[in-house]
Amino acid sequence: MAHRWKNNLSDGDVTPYAAFLNRRQIMAGLGGTAGLGLAALGGTTAWADTARALEPNSWDDVTTYCNFYEFGTGKGDPAAYAGQMTTKPWSVEIDGLVDRPGSYSMAQILEAMTLEERIYRFRCVEAWSMVVPWQGFELADLLALAGVQGGAKYVAFETLYRPSEMPGTAYKVLDWPYREGLRLDEAQHPLAIMATGIFGKPLPNQNGAPLRLVVPWKYGFKSIKSIVRITLTDQEPPTSWNMANGREYGFYSNVNPKVDHPRWSQATERRIGGGLFAGREPTLMFNGYKDEVASLYEGMDLAQNF
Ligand code: MTE
């Protein structure tokens, strides 16, 4: 497949971000929507965030206010310590219920995938949010590369676990390696992407280089970073946050203003970078992606399956 974006471009090769924004705004104007999350580079589908314009956060917001507990629990720890993580070479083991199990190198993956740009709202369970322009490809395409078998029902993900390069793993805050999971139909939804870059540049280590999941309608912790293993399975996989505290973190973790975290409200959120006096915004069902994903959960009690 022809690449529209490569993650090994130098800064000079990449469309200046301002130019990209202009194009996006022009397209938004033509389409009559408040903002476009996708298709700015010629894709066929336009995802519109009709509820709010998607004005991205700054590079500094996105790369210095992070959660990556393998490097510490402070927001600044990933930016301070993730630089020591070796990301080349990198490969992803894809196993379980697939036709072509094996170790896929980053080069192999990038060769097979078409990178595109998507701007998604990102909502953390801690009730803050950001808007991030990602480069990546649909997770469904990566799963298709390995060939999903008929019996598969779930997808399990694992992060690199390398204590010598990850000072935070000296503490048993979570049961390492970091693990996450999706139901297969969630994983194959076109909004679920594997990101390799932000703002037209390779993903910084603190944001999950070289490959991380982004699931925009779920709380941020589902968006697992620095993935080394993907397993197709017929059982709901264990996930790190659910194992650590099942009362507070469910398997689904859909953004839902009506289901509070046991220790705080999820009804509103604070936009990072909004300044000290910026007000809180109401949180939207499925983080504003309700029209696209609500059908995945039809008939489910979302207070039970939180
Ligand atoms: N992935 C790993 N491996 N380790 C983590 O601690 N934190 C999660 C998620 N992915 C985390 C992770 C949480 S709680 C959030 S909110 C997002 O990453 C933060 O992504 P960002 O730092 O790129 O904004």
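Thresholds applied
- Residues numbered from 1 in each chain as written.
- Predicted model: local features only at pLDDT ≥ 70, side-chain atom pairs only at ≥ 80, totals over all residues.
- Heavy atoms only, no water.
- UniProt positions renumbered as here; feature names shortened; annotations may be inferred.
- Helix = DSSP H or I, 4+ residues; strand = E, 2+ residues; numbered from the N terminus.
- Buried < 20%, exposed > 50% of the residue type's maximum accessible area, 1.4 Å probe, protein only.
- Contact = heavy atoms within 4.5 Å.
- Areas by Shrake-Rupley, 256 points an atom, 1.4 Å probe, with all protein chains shown as cover.
- Core = buried A, V, L, I, M, F, W, Y, C linked by side-chain atoms within 4.5 Å.
- Near = heavy atom within 4 Å.
- 1 Å grid on protein atoms, 1.4 Å probe; cavity = no way out; pocket = protein on both sides within 12 Å on 5 of 7 lines; lining within 4 Å.
- Sits in = over half its atoms within 2 Å of the grid points.
- Polar contact = N/O pair within 3.5 Å; in protein donor to acceptor, adjacent residues only side chain to side chain.
- Phe/Tyr/Trp six-rings, centres within 6.5 Å; stacked < 30°, edge-to-face > 60°.
- Pairing = 2+ DSSP bridges.
- Axes fitted to C-alpha atoms, helices over the stretch in contact; angles between N-to-C directions.
- Arc of directions from axis to C-beta.

Going by what an unreviewed UniProt entry lists, the protein chain is known as Protein-methionine-sulfoxide reductase catalytic subunit MsrP and is assigned to Phaeobacter porticola. You can read under Sequence similarities (unreviewed entry) in the UniProt record for the protein chain the words "Belongs to the MsrP family." The Subunit (unreviewed entry) comment attached to the protein chain in UniProt states, word for word, "Heterodimer of a catalytic subunit (MsrP) and a heme-binding subunit (MsrQ)."

Glancing now at the overall build of the protein chain. From N to C terminus, the protein chain includes 8 helices and 12 strands. Taken over 306 residues, the protein chain has a buried fraction of 54%. In the protein chain, the proportion of contacts linking residues at least 24 apart, taken out of those at least 6 apart, comes to 71%. In the form shown here, the protein chain has an accessible surface area of approximately 12900 Å², with 53% of it arising from carbon and sulfur atoms.

Ranked by size, the top nonpolar core spans 74 residues in total, and within it Ile109, Trp134, Phe157, Met194, Leu213, Trp217 and Ile230 carry the most contacts. Top contributing element to this core by residue count: strand β4 (residues 128–138), with 5 residues. Residues in contact with Trp134, not counting those within four places in the same chain, are Glu116, Glu117, Arg118, Tyr120, Phe122, Ile193, Ala195, Gly197, Ile198, Leu203, Arg212 and Val214.

Moving on, we get to the site of the ligand. Around the ligand sit 16 residues, and of these Tyr69, Glu70, Thr159, Ser223 and Lys225 come closest. Summarising the interface, the protein chains cover 98% of the accessible area of the ligand, which totals 530 Å² for the free molecule. Placement of the ligand is best described as lying within the largest pocket.

This part takes up the side chain of His261. Mapped onto the fold, His261 is located in the loop between α7 (240–244) and β11 (268–271). For His261, the side chain forms a polar contact with the side chain of Tyr249, separated by 3.5 Å.

All right, on to the packing of aromatic side chains then. The description of an aromatic ring pair rests on the distance of the ring centres and on the angle between the ring planes. Within this structure, the stated rule accounts for 13 aromatic pairs. Centre to centre, the rings of Phe286 and Tyr297 are 5.4 Å apart; their planes meet at 15°, and the pair counts as stacked. Of the two residues, Phe286 sits in the loop between β12 (281–282) and α8 (290–293) while Tyr297 sits in the segment after α8, which places them 11 residues apart along the sequence. The exposure classification of Phe286 matches that of Tyr297, with both residues buried. Ring-pair connections join several aromatic residues into one group, and the members of that group are Tyr154, Phe251, Tyr252, Phe286 and Tyr297.

This part covers the side chain of Arg118. Residue placement: Arg118 occurs in strand β3 (residues 116–123). Accessibility expressed as a relative area gives 2% for Arg118, which makes it buried. A polar atom in the side chain of Arg118 sits 3.2 Å from the side chain of Glu116. In this structure the side chain of Arg118 is engaged in a polar contact, spanning 2.6 Å, whose partner is the backbone oxygen of Pro190.

Attention now moves to the sheet that holds strand β10 (residues 227–233). Read from one edge to the other, the open sheet built from 5 strands follows the order β2-β1-β10-β5-β6, with strand pairing classed as mixed. Both outer strands of the open sheet, β2 (102–105) and β6 (179–183), are each paired with one neighbouring strand and no more. Strand-to-strand twist across the sheet, computed as the mean angle between neighbouring axes with direction ignored, equals 20°. Strand direction decides the pairing type here: strand β1 (residues 91–96) and β10, joined by 4 bridges, are parallel. Among the inter-strand pairings, Asp95 is bridged to a residue of β10, identified as Thr231. Across the sheet, helix α5 (residues 139–146) lies against β1, β2, β5 (154–159), β6 and β10, angled at about 70° from β10, the strand it touches most.

The next subject is the UniProt feature "binding site: Mo-molybdopterin" (unreviewed entry) in the protein chain. The UniProt record annotates "binding site: Mo-molybdopterin" (unreviewed entry) at Tyr69, Glu70, Cys124, Thr159, Asn207, Arg212, Ser223, Ile224 and Lys225. Lining residues of the largest pocket drawn from the annotated list: Tyr69, Glu70, Cys124, Thr159, Asn207, Arg212, Ser223, Ile224 and Lys225. Setting aside residues up to four positions removed in sequence, Arg212 forms contacts with Phe122, Trp134, Ile193, Met194, Ala195, Leu203, Asn207, Ser223, Ile224, Lys225, Ser226 and Ile227. Following the sequence through the fold, Ser223 ends up in the loop between β9 (212–214) and β10. Each residue touching Ser223, except ones within four places of it in the same chain, is listed here: Phe122, Arg212, Leu213, Val214 and Val215.

Our next topic: α5. Within α5 the residues assigned to the buried category are Leu139, Ala140, Leu142, Leu143 and Ala146. Axial view of α5: buried residues confined to an arc of 160°, hence all on one face. The first or second residue beyond α5 is Gly147, which carries a positive phi of 80°.

The subject of this paragraph is the pairing of strand β7 (residues 193–198). Taken across its 6 residues, β7 has 6 buried, putting it largely inside the fold. Where β4 meets β7, 5 bridges bridge the pair, whose relative direction is antiparallel. Among the inter-strand pairings, Glu138 is bridged to a residue of β7, identified as Ile193. Strand direction decides the pairing type here: β7 and β9, joined by 3 bridges, are antiparallel. Counterpart to Met194 in the pairing with β9 is Leu213.

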